Amino acid sequence: MSFASGSSCWPDVWLAATARGISSCGNFLVTSALTLALQSAGAGGLAVSGLLLAATLPLVALAPLTGRLADRVDSRVLLIATGLGQGATCLALAYAPGPALVIALVALLATGLAVSQPVISALVPVMVRPEDLPRAGALNQTAGTLGALAGPALAGLLVGQFGTRVPLLLGALSYLSLVAAGLLVRTRRGGRRVTVGAAAAVAPPWRFRRDPLLTVMVGSVAALIGAVGAVNVIEVFFIRETLGSSATVYGLVTGSWTLGIVLGAWLFARIARRLADDGALLGAGLVLLGGCCLAVLVSAAVPSAWLLVPIWLLGGVGNGGDNVFNNLLLARRVPEAARGRAFAVFGAAAQGAAMGGYLVGGLLLEVAGPRTLIAGCGVAGLLVVAALAGPVRRAVRAEPAAVPAAAVAAEAA
């Protein structure tokens, strides 16, 4: 496993986190603005799910390619090219004349995201020492989450005042932060920085299936997202129509879950530093996912949108803790030369499951009310958690007999 030698490079961590936060804000600003525009124009659940599918499909379909790009091409080149490409795409999106072109440009925008996500995720462990990784990971996640928190809130405010063009233009500017990060971050990976020793350390090629713990972790996250992912389509109708709230309230309420992710990241980063047992991280993550599903179930009973705030805040705390544990497991157990691919595969599994949820959510809204569907998602999630308890327990018990690929790589080096 490869981490920073000597002291951690915190200026690079802050630069990468800032770029992720600003570009994340742009991503959510654009998606939320377009979602609100569709709902305000009278579009149904299928139209909203179609938009979300276009914003997600490239992250799944291109994961094998973008993961290898992140490992083999200079991270500086990828960040600069991606930032410029996404900025130009978003600028075109602001003036797109028809829904077909909008969908195509949203998919192109997501293609850039499919590249930048594994690049930044794989860079962070190289910037810091192993003992600083939970803190650095929490900082990186916090930045992305704060961007996700600000994006929907800004969309709610700006769409209500100016329509969709202004938030889309701001989104175009946000992607220039990736260009700045590419120019200013000193830590680099990929390209010629892959040494002969590192290349030898990953022979035979690393695979997820050779690590049962990581395989179960990825499967658990994907299964839970698939069970409750429909909420992302249903929530705009639940908050705006069932609970009768404005676009501004929608942005603020949905941001409460995201704020909880920030709080959970820092709370559980402290705990993660004390957990040397990877099996304990996996089991704790499943418990936190169960808490997220419980929050979704309870939220179906609220009579007012404002009562969703404390419930979704607590759900977000569990979500943030699970994210910290998952990222730490990946950084610990995956060889450095394969981390871009590992983060891309993990992201593709999560996004692929989310796509299924988007499609199901759009279809179910045609036959049932939002409140009933929110409750159904919570119940489905809790049932999946119960079903996953057995596979998680077996993977943890088998852990002493399994040698993680990263450990093999370290010994070979």
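Residues numbered from 1 in each chain as written. Predicted model: local features only at pLDDT ≥ 70, side-chain atom pairs only at ≥ 80, totals over all residues. Heavy atoms only, no water.

Some words on the overall build of the protein chain
On a plain count of helices and strands, the protein chain comes out with 18 helices and zero strands. Burial analysis of the protein chain (413 residues in total) assigns 56% to the buried set. When contacts within the protein chain are restricted to residue pairs at least 6 apart in sequence, those whose partners lie at least 24 apart make up 89%. (Helix = DSSP H or I, 4+ residues; strand = E, 2+ residues; numbered from the N terminus. Buried < 20%, exposed > 50% of the residue type's maximum accessible area, 1.4 Å probe, protein only. Contact = heavy atoms within 4.5 Å.)

Notes on empty space enclosed by the protein
Across all of its chains, the model carries three cavities of 30 Å³ or more by this definition. In this structure, the second largest cavity occupies an estimated 80 Å³ of space. The greatest single-element share of the lining of the second largest cavity, amounting to five residues, is contributed by helix H16 (residues 339-364). Each residue belonging to the lining of the second largest cavity can be placed in one class, and the counts come to six nonpolar, four polar and no charged. (1 Å grid on protein atoms, 1.4 Å probe; cavity = no way out; pocket = protein on both sides within 12 Å on 5 of 7 lines; lining within 4 Å. Points joined across faces, edges and corners; volume = space filled by probe spheres on them. Nonpolar A, V, L, I, M, F, W, Y, C, P; charged D, E, K, R; others polar.)

Re the nonpolar core
Counting residues in hydrophobic clusters, the biggest one holds 62 residues, and the most contacted among them are Leu 214, Met 217 and Leu 330. Top element by residues in this core is helix H11 (residues 212-228). It accounts for nine residues. Setting aside anything within four residues of it in sequence, one finds Leu 330 in contact with Phe 208, Leu 214, Met 217, Ala 342, Phe 343 and Phe 346. (Core = buried A, V, L, I, M, F, W, Y, C linked by side-chain atoms within 4.5 Å.)

Considering the state of the cysteines
For the coordinates displayed, the defined rule picks out zero disulfides. For Cys 293, which is in no disulfide, the shortest distance to another cysteine sulfur is to Cys 292 and amounts to 6.6 Å. (Disulfide = S-S within 2.5 Å.)

What to know about helix H5 (residues 75-94)
In this model H5 runs 29 Å from its N-terminal to its C-terminal C-alpha over 20 residues, within 8% of the 28 Å that 1.5 Å per residue would give. At the N-terminal end of H5, a side-chain oxygen is found 3.0 Å from the backbone nitrogen of Arg 76, two or three residues along, and the residue is Asp 74. (Expected span 1.5 Å × (residues − 1). Polar contact = N/O pair within 3.5 Å; in protein donor to acceptor, adjacent residues only side chain to side chain.)

Looking at the packing of aromatic side chains
Applying the stated criterion across every chain yields a total of two aromatic pairs. Judged by centre distance (6.5 Å) and plane angle (80°), the rings of Trp 257 and Trp 312 are edge-to-face. With Trp 257 in helix H13 (residues 247-274) and Trp 312 in helix H15 (residues 308-333), this pair connects stretches of sequence that are 55 residues apart. (Phe/Tyr/Trp six-rings, centres within 6.5 Å; stacked < 30°, edge-to-face > 60°.)

Remarks on a positive patch on the surface
Judged by side-chain charge, Arg 135, Arg 270, Arg 273 and Arg 274 come together as a positively charged surface patch. For the positive patch, the element with the most residues is H13, which contributes three residues. With respect to the helices and strands, Arg 135 occurs in helix H7 (residues 133-162). (Patch = residues over 30% accessible without salt bridge, like charges linked within 9 Å, V, L, I, M, F, W, Y side chains within 5 Å. Areas by Shrake-Rupley, 256 points an atom, 1.4 Å probe, with all protein chains shown as cover. Salt bridge = Lys/Arg side-chain N within 4 Å of Asp/Glu carboxyl O. Lys, Arg positive; Asp, Glu negative; His and termini not counted. Charge placed at Lys NZ, Arg CZ, Asp CG, Glu CD.)

Structural notes on a nonpolar patch on the surface
A contiguous nonpolar surface patch, about 560 Å² in accessible area, is contributed by Leu 84, Phe 162, Val 166, Leu 170, Leu 173 and Leu 176. When residues in the nonpolar patch are grouped by element, the largest group, three residues, is from helix H8 (residues 165-174). Looking at the element boundaries, Leu 84 is found in helix H5.

Regarding the side chain of Arg 341
Mapped onto the elements of the fold, Arg 341 is located in helix H16. The buried charged residue Arg 341 lacks any salt bridge, with Asp 71 as its nearest oppositely charged partner at 4.5 Å. Setting aside residues up to four positions removed in sequence, Arg 341 forms contacts with Gly 67, Arg 68, Asp 71, Trp 206 and Arg 207.

Some words on the packing of H11 against helix H14 (residues 278-299)
To characterise two packed helices, one gives the angle between the axes of the helices and the distance between these axes. It is the contact of H11 with H14, at a shortest axis distance of 11 Å, that shows an interaxial angle of 5°. Viewed along their axes, H11 and H14 adopt a mutual orientation that is roughly parallel. Facing H11, whose interface residues are Leu 213, Val 216, Met 217, Leu 224 and Val 228, H14 presents Asp 278, Gly 279, Leu 282, Leu 289 and Cys 293. (Axes fitted to C-alpha atoms, helices over the stretch in contact; angles between N-to-C directions. Parallel < 35°, antiparallel > 145°, perpendicular 65-115°, else oblique.)

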